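The primary structure of each chain is shown beneath.
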Amino acid sequence: MKIATWNVNSLRVRLPHVLDWLKREQPDVLALQETKTEDANFPQKELETAGYQAVYSGQKTYNGVAILSRTSAADVITDLPGLVDPQRRILAATVNGWRVVDLYVPNGSEVGSDKYAYKLDWLGHVHSWLKLELLRHPRLVVMGDFNIAPEDRDVHDPMAWNEKILCSTPERQAFQEWLALGFKDAFRCFDQPEKSFSWWDYRMNGFRRHLGLRIDHILISSQLVESCRACRIDVEPRGLERPSDHAPVLAEFV
DNA sequence: ATGGTCGGTAACCGA
């Protein structure tokens, strides 16, 4: 079983990269964020031709999540009980006996802003729901764009980012509270290169200068830890012409 | 030096 997550920043623009990457990596599951595509315009045909089924929860201009899979997805959820939110950021489905949760966590804009309050509130709601989801589905994967760099080693310049958005203590605390439910950060289950990042700002030549953050994550439930064999970030697509600002993250299981 | 670059959509907003 090979699973992956990728914030594509517009599926329409990135479809060629996604199709190339699917062909090369052949994941069983790929969770996408920021598809920015209404469901009616979802490129179902192109993905089917590549051998992938898709479930999705899209909206125009902003947000949008999708789960691509080789086998069919069941029990699809797009909204949480008690969380009324027009923003399409959540998608859960059962694939091949695995519960897969695809999240596009709010960015939060700036510490102290309305969007920041929304982010923390959202993280709290999802925390409560994940607690239940973990009871229902012992084999649970939660992956996506978390918009949180969990530790200073996940930040190219921790001093510059100190208590800034994506790095603030309340955000990191929320991440730790999720882990405390019984998840492991798959990436940290293995030795990794220093300065491993998954997102680089388009501005300031961020990628070329390695000015990145690790904000895209794969959380795995305890039951899956034993069978996890690898987790890595594939920086290759970030170097392509007209790239997403995020790189895909993959995890492999026996 | 508080900038810069994308994507979507049509003057800016969000990231």
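Residues numbered from 1 in each chain as written. Chains lettered and ligands numbered in written order. Predicted model: local features only at pLDDT ≥ 70, side-chain atom pairs only at ≥ 80, totals over all residues. Heavy atoms only, no water.

Asks: Is there a simple way to think about the sheet that holds strand 13 (residues 228-233) in this case?
Replies: Whether parallel or antiparallel, the strands of a sheet pair through hydrogen bonds between backbone atoms. Spatial ordering of the open sheet is given by 3-4-2-1-14-13, a layout of six strands whose pairing is mixed. Two strands bound the open sheet, and with one partner strand each, they are strand 3 (53-57) and strand 13. Neighbour-to-neighbour, the strand axes of this sheet turn through a mean angle of 10°, independent of strand direction. The pairing of strand 13 with strand 14 (residues 249-253) spans five bridges and is classified as antiparallel. Among the inter-strand pairings, Cys228 is bridged to a residue of strand 14, identified as Phe253. Of the strands in this sheet, strand 1 (2-7), strand 2 (29-33), strand 4 (65-69), strand 13 and strand 14 are in contact with helix 1 (residues 11-25), which crosses strand 1 at around 160°. (Pairing = 2+ DSSP bridges. Helix = DSSP H or I, 4+ residues; strand = E, 2+ residues; numbered from the N terminus. Axes fitted to C-alpha atoms, helices over the stretch in contact; angles between N-to-C directions. Contact = heavy atoms within 4.5 Å.)

Asks: In this structure, what is going on with the packing of aromatic side chains? I would like to understand it.
Replies: Two measures describe an aromatic ring pair: the distance that separates the ring centres and the angle between the ring planes. This model, assessed by the stated rule, comprises seven aromatic pairs. Taking 5.9 Å as the distance between ring centres and 70° as the angle between the ring planes, the aromatic pair formed by Phe146 and Phe175 counts as edge-to-face. Pair noted here: Phe146 is in the loop between strand 8 (140-145) and helix 4 (158-161) and Phe175 is in helix 5 (residues 169-180), with a separation of 29 residues, a long-range link. Neither Phe146 nor Phe175 differs from the other in exposure class; each is buried. What links up through ring pairs into an aromatic cluster is the set Phe146, Phe175 and Trp178. (Phe/Tyr/Trp six-rings, centres within 6.5 Å; stacked < 30°, edge-to-face > 60°. Buried < 20%, exposed > 50% of the residue type's maximum accessible area, 1.4 Å probe, protein only.)

Asks: Sorry, what's going on with the sheet that holds strand 5 (residues 73-77) here?
Replies: Across the sheet, six strands lie side by side as 5-6-7-8-12-9; this open sheet has mixed pairing. The two strands at the open ends of the sheet, each matched to only one other strand, are strand 5 and strand 9 (183-185). Neighbouring strand axes in the sheet, compared pairwise and without regard to direction, differ in orientation by 20° on average. Where strand 8 and strand 12 (residues 216-221) come together, five bridges link them in antiparallel fashion. The residue of strand 12 that forms the bridge with Val141 is Ile220. Set on the sheet, helix 3 (residues 114-136) makes contact with strand 6 (90-95), strand 7 (98-104), strand 8, strand 9 and strand 12; between it and strand 7 the angle comes to about 180°.

Asks: Quick question: what am I supposed to make of the packing of helix 3 against helix 5 here?
Replies: Look at helix 3 against helix 5: their axes get within 10 Å of each other, and the N-to-C directions meet at 5°. On the basis of the axis angle, helix 3 is roughly parallel to helix 5. Judged by residue contacts, Tyr116, Lys119, Leu120, Trp122, Leu123, Val126, His127 and Leu130 of helix 3 engage Pro170, Glu171, Ala174, Glu177 and Trp178 from helix 5. Considering only residue class, the contact of helix 3 with helix 5 consists of nine nonpolar, one polar and three charged. (Parallel < 35°, antiparallel > 145°, perpendicular 65-115°, else oblique. Nonpolar A, V, L, I, M, F, W, Y, C, P; charged D, E, K, R; others polar.)

Asks: Please explain the nonpolar core as it appears in this structure.
Replies: One recurring pattern in soluble globular proteins is that nonpolar side chains are buried together. With 28 residues, the main nonpolar core has Ile3, Val141, Met143, Ile218, Ile220 and Phe253 as its most contacted residues. Breaking this core down by element, the ones donating at least two residues are strand 2, strand 4, strand 6, strand 7, strand 8, strand 12, strand 13 and strand 14. With near-sequence residues (within four places) excluded, Ile218 lies in contact with Ile3, Thr5, Val141, Val142, Met143, Lys184, Asp185, Ala186, Val249, Leu250 and Ala251. Of all hydrophobic cores here, the second largest spans 23 residues; its members include Val105, Leu140, Val142 and Phe175. (Core = buried A, V, L, I, M, F, W, Y, C linked by side-chain atoms within 4.5 Å.)

Asks: Explain the protein's contact with DNA strand B here, please?
Replies: Taken together, the neighbourhood of DNA strand B is formed by 17 residues, with Ser10, Arg12, Arg14, Lys60 and Arg203 sitting nearest. Looking at DNA strand B alone, sugar and phosphate atoms form 69% of those within 4 Å of the protein. A distance of 3.2 Å separates a phosphate oxygen of DNA strand B from a polar atom in the side chain of Arg14. With three residues, the top contributor of residues to the surface near DNA strand B is helix 1. (Near = heavy atom within 4 Å. Polar contact = N/O pair within 3.5 Å; in protein donor to acceptor, adjacent residues only side chain to side chain.)

Asks: Please explain the state of the cysteines as it appears in this structure.
Replies: Disulfide: a covalent bond connecting the sulfur atoms of a pair of cysteines. Scanning the entire structure with this criterion turns up zero disulfides. With no disulfide of its own, Cys189 lies 6.0 Å from the sulfur of Cys228, the closest cysteine sulfur. On the accessibility criterion, Cys189 (33% relative accessible area) is partly exposed. (Disulfide = S-S within 2.5 Å.)

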